[in-house]
Each structure stands twice: as C-alpha cells, then as structure tokens.
Amino acid sequence: MLFRRKTKTGDSVEEVEKLKKLLNAKSEMVSIGAHQVRTSLSAIKWIIKMFLDGDLGKLTAEQENLLRKAYDGNDKAINLVSEILLVNKSEEVVEKKYTFSKSNIIEMIEGVIFDFSGESLWRGIEIILLKPKDKVPEIEIDKEKILVVLQNLIENAIKYSKYHGKIFVSVKTEKENIEISIKDAGIGISEDSKTKIFEKFYRTENAQKKEAMGSGIGLYTTKDIVEKHGGKIWFESKENEGTTFFVSLPISK
Ligand code: ADP
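Just so it is clear, the model here is predicted, and its values are computed rather than measured.

(A) Highlighting the domain arrangement of the protein. According to the domain assignment, the protein contains domain 1 (9-88) and domain 2 (101-250). When each unit is reduced to the centre of its C-alpha atoms, the spacing between domain 1 and domain 2 is 26 Å. Contact with domain 1, which involves five residues of that partner, is made by four residues of domain 2. When the buried surface of domain 1 facing domain 2 is broken down by residue, E83, L86 and V87 rank first, second and third, together holding 74% of it. Viewed at the interface, domain 2 and domain 1 are joined by zero salt bridges. For the side of domain 1 that touches domain 2, the class distribution of residues is two nonpolar, one polar and two charged.

Structure below.
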C-alpha cells in the first residue's frame, strides 16, 4: 500500500509542493507583468513631462491643465504598480532560504541612505548617520534580506516624516549584538495602533492620509526577517512627535 506523506494541516506533501510551484509561477508572472506595465507608464510619464516643460512648444492653459491631470493619474498608477512589485517581492523574501555571510553593516546602511538620497532631497529631509567611534564588527547575516529591513525602515522614516524633518540613523555594539536605530520626527503612531503595527496589511489612519500608497506589508516582512536572524525589533513612538525603530542583530549565528 502506498502511504501519502501528510503535513500538519493534513494535506499531502505532494499537494503542498504542487501549490508552492503554482504560487512561484504566479509570483513570477505578476513580477514580469508589473515590470512591463511600469516601464510603459514611465515612458508615458517622460513624454507628458516634455510637453509640460514646454520642450515641444508652448501649451494653451487648457492643454496644460489636461496634461497635468494625465501626469498625476499616471504617477499614481506607477506608485500602485511599484507597491504590487514590493508586496510580491516581500512574499518571495519571506519564503526564500537564508544564506548567512559576514557583512559590514555600516557600508550597507550608507548604501541604502545613498539610494534614498533623491527621495529625501525631494521631500526636504536630511538623513544623518551616527557611527560609533570604535570599529563595528562584521555581522553574520543574509545580506539581501537585511537590505530589505534597512530599506523598509529608512523608507518609512522618510515617508512618515514631516517636510524638512531630520532622520538619525545610529549603530552601536551592545554586548553580542549590533543595535541599529532609525529616529524620525514625523507623524508618530497612536497608542491604539501600537499593538497592530507589525500585522500584515495594517496601516494607521494617519499614515493613509499622509501617504495614499502603501501596502502595510513592509514591517511584517521586516519583523519576520529580523526574527529569522535571531534578532529583535521594537519601537518607541509619540503621535505627532516621531518614531524610533530599533533592530538588534546577533553578531554571530
Ligand atoms: P506601509 O508603509 O506600506 O504602509 P509598513 O508595513 O512598512 O507599510 O508599515 C505599516 C504601518 O506602520 C504604516 O502604514 C504606518 O501606519 C506605520 N509606520 C511605519 N513606520 C512608521 C514611522 N516611521 N512613523 C509613523 N508610522 C509608521
């Protein structure tokens, strides 16, 4: 008699494998499709921008008004597609295997700050990295996943900051761990929302008002990655005053 291997939920292992393959194929299709749509939308964006900048001759007020609406609508669509790509990637990241190697966390943070320099400049925000005097030891991490953590936390600090805000990123060695903190002076998180902040798809009302685009998946993914490293994530926040996220990661596995 042939015994079918069962998982905890009672499904056969073969069925789970089949489902996983299907989900991977779906995720790949979403990714390819969304990238193609975003490329086309970006091309449209630059064509409209050329008209609006007057590169193709002067526009009448009516033409300009209509093109500006088209530009804004197109921009919203680009943001939406970018969010779909992010959610898709986050789900892939949660599922993926972890590969640990010794990495220089300061260099990684500097890289992420550099990647967001355009976005922060555009929003009038300054990001200051406070490095400790002593050399920070290399830590054993999955570099690709910790980059997602740093990107999510720094991007959130920028998104939920007020115009002309300052963001402080600090790194310190605490016994066997490296502690990273990201402090903003933004909209903050209300007492009621504090317990729900790491839930999948959760977004505060204030955040939705400030930034229409968002998925509520970034912090869920971030927590999952940090915990798979044996680390911890927590935050302190006051509504309308600002938020500090802390991540503590063990130096060696
Ligand atoms: P998203 O930013 O796409 O909404 P996240 O999962 O990254 O999703 O964050 C979940 C929610 O946590 C946000 O919608 C916001 O309400 C809150 N949040 C995260 N970071 C901050 C921050 N630095 N300041 C204020 N609120 C924040």
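Now, onward.
(B) Region of interest: the environment of I251. The topology assignment puts I251 in the segment after strand 7 (242-250). I251 sits 72 residues away from E179 along the chain, and the two C-alpha atoms are 9.9 Å apart. If we skip the residues at most four places from it in the chain, I251 touches P137, E138, I139, E140, T173, K175, E176, N177 and I178.

(C) Molecular detail of helix 7 (residues 218-228). For helix 7, the complete set of buried residues consists of G218, L219, T221, T222, D224, I225 and V226. Backbone geometry just after helix 7 places G230 at a positive phi near 75°.

(D) Molecular detail of the side chain of S237. Within the fold, S237 resides in strand 6 (residues 232-238). Polar side-chain contacts of S237 include one of 3.2 Å to the backbone oxygen of G242. Of the polar contacts made by the side chain of S237, one reaches the side chain of T243; its length is 2.8 Å. In this view, S237 contacts G188, I189, K194, G242 and T243; residues no more than four positions away in its chain are not counted.

(E) The arrangement of the pattern of salt bridges in detail. Within this structure, the stated rule accounts for 13 salt bridges. With its nearest N and O atoms 3.0 Å apart, the salt bridge here joins E110 to K131. Highlighted residues: E110 in helix 3 (residues 105-115) and K131 in the loop between strand 2 (126-130) and strand 3 (139-141), separated in sequence by 21 residues. The class for K131 is partly exposed, based on a relative accessible area of 48%.

(F) How the structure looks around the site of the ligand. With respect to spatial proximity, 20 residues lie near the ligand, and among them N156, Y160, R203, T204 and L219 are the closest. K159 has a polar side-chain atom sitting 3.0 Å from an oxygen atom of the ligand. Backbone polar atom of I217 to an oxygen atom of the ligand: 3.5 Å apart, as the coordinates give it. Elements with a minimum of two residues in the shell around the ligand: helix 5 (143-159), helix 7 and strand 7. Of the residues assigned to the shell around the ligand, the class counts are nine nonpolar, eight polar and three charged.

(G) Looking closely at the packing of aromatic side chains. Using the criterion set out here, one finds five aromatic pairs in the structure. Aromatic side chains F235 and F245 sit 5.3 Å apart centroid to centroid with 35° between the ring planes, which places their arrangement in the tilted category. Of the two residues, F235 sits in strand 6 while F245 sits in strand 7, which places them ten residues apart along the sequence. The same class applies to F235 and to F245, which are both buried.

(H) Structural detail: the packing of helix 3 against helix 5. Across the interface, helix 3 lies against helix 5 with an axial gap of 10 Å and an inter-helix angle of 50°. Put simply, helix 3 runs oblique to helix 5. Where helix 3 crosses over helix 5, the two elements pack in a sense that is right-handed. Of the residues in helix 5, those touching helix 3 at I105, M108, I109, V112 and I113 are K143, I146, L147, L150, Q151 and I154. Split into classes, the residues belonging to the contact of helix 3 with helix 5 amount to nine nonpolar, one polar and one charged.

(I) Here's a closer look at the nonpolar core. Formed by 39 residues in total, the largest nonpolar core has its most connected members in I105, I146 and I180. When contributions to this core are tallied by element, the ones reaching two or more residues are helix 3, strand 3, helix 5, strand 4 (166-174), strand 5 (177-184), helix 7, strand 6 and strand 7. It is helix 5 that provides the largest number of residues to this core, a total of eight residues. I105 has contacts with V136, I139, I141, I146, L150, V171, I178 and I180, leaving out every residue within four places of it along the chain. Formed by five residues, the second largest nonpolar core is a distinct cluster that contains A34, L41, V81 and L85.

About the cut-offs
Residues numbered from 1 in each chain as written. Predicted model: local features only at pLDDT ≥ 70, side-chain atom pairs only at ≥ 80, totals over all residues. Heavy atoms only, no water. Domains from an automatic or database assignment. Contact = heavy atoms within 4.5 Å. Buried area = accessible area lost by both parts, 1.4 Å probe. Salt bridge = Lys/Arg side-chain N within 4 Å of Asp/Glu carboxyl O. Nonpolar A, V, L, I, M, F, W, Y, C, P; charged D, E, K, R; others polar. Helix = DSSP H or I, 4+ residues; strand = E, 2+ residues; numbered from the N terminus. Buried < 20%, exposed > 50% of the residue type's maximum accessible area, 1.4 Å probe, protein only. Polar contact = N/O pair within 3.5 Å; in protein donor to acceptor, adjacent residues only side chain to side chain. Near = heavy atom within 4 Å. Phe/Tyr/Trp six-rings, centres within 6.5 Å; stacked < 30°, edge-to-face > 60°. Axes fitted to C-alpha atoms, helices over the stretch in contact; angles between N-to-C directions. Parallel < 35°, antiparallel > 145°, perpendicular 65-115°, else oblique. Left-handed = near helix turned anticlockwise from the far one by under 90°. Core = buried A, V, L, I, M, F, W, Y, C linked by side-chain atoms within 4.5 Å.

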